[in-house]
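# Analysis of the macromolecular model
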Amino acid sequence: VLRCLGIPTRVITNFNSAHDKNLNLSVDKYIDVSGNTLHLSEDSVWNFHVWNESWFMRRDLGSFYDGWQVLDATPQEKSKGIYQCGPASTRAIKEGDVNLDYDSPFVFAAVNADCVTWIRYSKKRKERIYSNTRKIGKFISTKAVGTNSRVDVTANYKYPEVKEISFKIPFSQYKNSLMDDRKILVTAV
């Protein structure tokens, strides 16, 4: 529809797309002291998610935020009481301006959330044992004009990751906790 109105629009695919249900900008996983998964978070990572971008001037936010804007026609969460998402400036997403209107924190998390694993010792005590800052927002892509080639637009959404992954538990124990996730995935398929 936007193209029919003369507004430049393109489809964007985000691989390893975070669904940050509580808007804390991370995808949290909880395990007990034995490494068993605790289902305490509704956050998830989707294989991919697709939305549109359209080119707008942003008089409401200032010219710094002009350019490509994220519009999601299939939002999974309510925003201001209705199912909507956007227009969120890709410039705001890249700069981490998550205090702007139009779902900037949700889109930021979709492409740049940290995946964090916590050991829950009790209702009042938990400890972060693993954090992966590189998993989310891979190969953010659109189709090239006039061909079926993929154009990588990841740099429009985020700066390159440089942080190292750190473990506070043996990797083998963490790997065993992932088995529960695989069982859920196989069951769902």
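Above this text is the structure in question.
Within any chain, residue numbers begin from 1 and follow the written order of that chain's sequence. A pLDDT threshold of at least 70 governs which residues receive local features in this predicted model, and a stricter bar of 80 or more applies before side-chain atom pairs are shown or counted, although totals over entire chains, interfaces and linings include all residues. Here the side-chain values reflect all heavy atoms present in the structure, with hydrogen atoms and water set aside.

### A word on the side chain of D28
- In DSSP terms, a helix is any run of H or I states spanning at least four residues, a strand is any run of E spanning at least two, and both are numbered starting from the N terminus. In this structure, D28 sits in strand β2 (residues 26-31).
- With no salt bridge to any partner, buried D28 finds its closest opposite charge in K126, at an N-O distance of 6.3 Å.
- Identification of polar contacts relies on pairs of N or O atoms within 3.5 Å, with a donor-acceptor requirement for protein atoms, meaning one able to donate a hydrogen and the other able to accept it, and with residues adjacent in sequence counted only if both atoms are side-chain atoms. Within polar-contact distance, the side chain of D28 engages the side chain of N24 at 2.7 Å.
- A distance of 3.0 Å separates the side chain of D28 from the side chain of W118, its partner in a polar contact.
- Any pair of residues with heavy atoms lying within 4.5 Å of one another is described as a contacting pair. Each residue touching D28, except ones within four places of it in the same chain, is listed here: N22, S41, D43, V116 and W118. Accessibility here uses a 1.4 Å probe with only protein chains present; expressed as a share of the type maximum, an area under 20% marks a residue as buried, one over 50% as exposed, and anything in between as partly exposed. Within this scheme the basic residues Lys and Arg register as positive and the acidic residues Asp and Glu register as negative, but His and the chain ends are omitted. We count a salt bridge whenever a side-chain nitrogen from Lys or Arg sits within 4 Å of a carboxyl oxygen from Asp or Glu.

### Section: the environment of D97
- When you line up the elements, D97 lands in the loop between α1 (90-95) and α2 (104-112).
- Taking relative accessible area as the criterion, D97 reaches 24% and is therefore assigned partly exposed.
- Remark: the alpha-carbon pair of D97 and F108, spanning 11 residues in sequence, is separated by 8.5 Å.
- Once you skip the residues sitting within four places of it in the chain, D97 turns out to touch Y65, A92 and S104.

### Quick word on the nonpolar core
- Remark: nonpolar core denotes a set of buried residues (Ala, Val, Leu, Ile, Met, Phe, Trp, Tyr, Cys) joined through side-chain atoms within 4.5 Å. Formed by 14 residues in total, the largest nonpolar core has its most connected members in W51, I93 and Y157.
- Of all the elements, α2 adds the most residues to this core, at 4 residues.
- The residues contacting W51, other than those within four sequence positions of it, are R10, V11, I12, N14, S17, V70, L71, D72, A110, V111 and Y157.
- Grouped together as the second largest cluster of nonpolar side chains are 6 residues, A18, V27, A109 and I136 included.

### Thoughts on the pairing of strand β5 (residues 67-71)
- Counting buried residues in β5 gives 5 out of 5 residues, a clear majority hidden from the surface.
- Two strands pair when backbone bridges link them, and strand β4 (residues 44-56) and β5 are joined in this way by 5 bridges, in the antiparallel orientation. Across the sheet, residue W55 finds its bridge partner in β5, namely W68.
- Pairing between strands requires that DSSP locate at least two bridges from one strand to the other. Two strands pair when backbone bridges link them, and β5 and strand β8 (residues 88-89) are joined in this way by 2 bridges, in the antiparallel orientation.

### Looking at the environment of V70
- Looking at where V70 falls in the secondary structure, it is placed in strand β5.
- Placed 15 residues apart in sequence, V70 and C85 show a C-alpha to C-alpha distance of 7.8 Å.
- In contact with V70, other than residues within four places in its own chain, are W51, N52, C85, G86, P87, A88, T90, V107 and Y157.

### Here we look at the pattern of salt bridges
- Under the defined criterion, the tally for this structure stands at 4 salt bridges.
- In this structure, E53 and R10 form a salt bridge, with 2.7 Å as the shortest nitrogen-oxygen distance. A residue pair is termed long-range when its members are at least 10 positions apart, and E53 in strand β4 and R10 in strand β1 (residues 9-19) qualify at 43 residues.
- Of the residues examined, E53 reaches a relative accessible area of 0% and is grouped as buried.
- When its relative accessible area of 16% is taken as the criterion, R10 is described as buried.
- Among the salt bridges present, the one from K21 reaches E42, with a minimum N-O distance of 3.5 Å. Here K21 is found in the loop between β1 and β2, whereas its partner E42 is found in the loop between β3 (37-38) and β4, with 21 residues between them in sequence.

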